[in-house]
Amino acid sequence: VVMRKFAVIGLGNPGPSYRETRHNIGFMVVDRLAASHGIRVDRAGGSFIWGDGSIRKERVVLAKPNTFMNLSGEAARDILGYFAIPAESMFVVCDDCDLPPGRIRIRKNGGSGGHRGLASIIERIGGVRFPRLRMGIGRDAEKSLEDYVLSPFLSAEMELVREEIERGVSALEAVMERGLDWAMNRYNR
């Protein structure tokens, strides 16, 4: 086993019908990060698919759960166990309806904030001490939260969403290169 320093886990729902939905922005960030570093995330790991490589001179595993969002904790637990990575080095990327589209926020730890994927991870790994990158998707007063997060981004939003995904990728690279505190100071403004 090659020692890897970080795991980046993007949250989302598997399958083509969910690919472009707001809830899958975690998958989108991992896919973009992988593409910009020539990492293929296509190896089956049971409850997750993964790929590994180097980002900013660090050995990194990039992964996407094969479970649905509400069972993300199973995949996170399996990833930590399989790669012998401590929870503090597992970076979870997820959507956040309390942040407007275009905004991102890095947190060192904390509760789920009502996010079922994060709640599942906290329950399965037995703690809140893992960093996460929250990607803003906003909310729509006209729709139930469940319908909203499972709806695709509007074409009018796509430019902003692409910029947000790029910011998310840059933030993750900054964590690997300069550390969590530096990245929080730079990207949480």
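Residues numbered from 1 in each chain as written. Predicted model: local features only at pLDDT ≥ 70, side-chain atom pairs only at ≥ 80, totals over all residues. Heavy atoms only, no water.

## So, the overall build of the chain
- Helix and strand counts for the chain come out as six helices and seven strands.
- Overall, the C-alpha framework of the chain stretches about 50 × 30 × 30 Å when taken along its three principal axes.
- The contacts of the chain with a sequence gap of at least 6 include a subset with a gap of at least 24, amounting to 67%.
- Carbon and sulfur atoms make up 49% of the accessible area of the chain, which totals about 9,000 Å².
- Looking at the chain, you have 28 positive and 24 negative side-chain charges, and the mean spots of the two groups are 6 Å apart. (Helix = DSSP H or I, 4+ residues; strand = E, 2+ residues; numbered from the N terminus. Contact = heavy atoms within 4.5 Å. Areas by Shrake-Rupley, 256 points an atom, 1.4 Å probe, with all protein chains shown as cover. Lys, Arg positive; Asp, Glu negative; His and termini not counted. Charge placed at Lys NZ, Arg CZ, Asp CG, Glu CD.)

## Things to note about the packing of helix α5 (residues 158–178) against helix α6 (residues 180–187)
- In contact at an axis separation of 7 Å, α5 and α6 are set at 150 degrees when each is read in the N-to-C sense. Relative to α6, the crossing made by α5 is right-handed. Contact residues: α5 offers R167, S170, A171, A174, V175 and R178, while α6 offers L180, W182, A183 and Y187.
- Its residues placed into classes, the contact of α5 with α6 shows seven nonpolar, one polar and two charged. (Axes fitted to C-alpha atoms, helices over the stretch in contact; angles between N-to-C directions. Left-handed = near helix turned anticlockwise from the far one by under 90°. Nonpolar A, V, L, I, M, F, W, Y, C, P; charged D, E, K, R; others polar.)

## Thoughts on the confidence of the model for the chain
- Looking at the chain, pLDDT values average 94 and 98% of them are 70 or higher.
- Of all helices and strands in the chain, the one with the weakest mean pLDDT is helix α4 (residues 145–149) (93), whereas helix α1 (residues 25–36) scores best (98). (pLDDT = per-residue confidence, 0-100.)

## Focus on the sheet that holds strand β3 (residues 48–55)
- Strands sit in the order β2-β3-β4-β1-β5-β7-β6 across an open sheet of seven strands; the sheet is mixed. The sheet terminates laterally at β2 (43–44) and β6 (104–107), the two strands that pair on one side only.
- For strand β1 (residues 6–10) and strand β5 (residues 90–96), the ladder comprises four bridges, and the chain directions are parallel. Bridge pairing in β5 links V8 to F91.
- Contacts from helix α2 (residues 72–83) reach β1, β3, β4 (58–65) and β5 within the one sheet, and its direction differs from that of β3 by about 50 degrees.
- The strands that helix α3 (residues 116–125) touches are β5 and β7 (132–136); relative to β5, the one it contacts most, it runs at about 150 degrees. (Pairing = 2+ DSSP bridges.)

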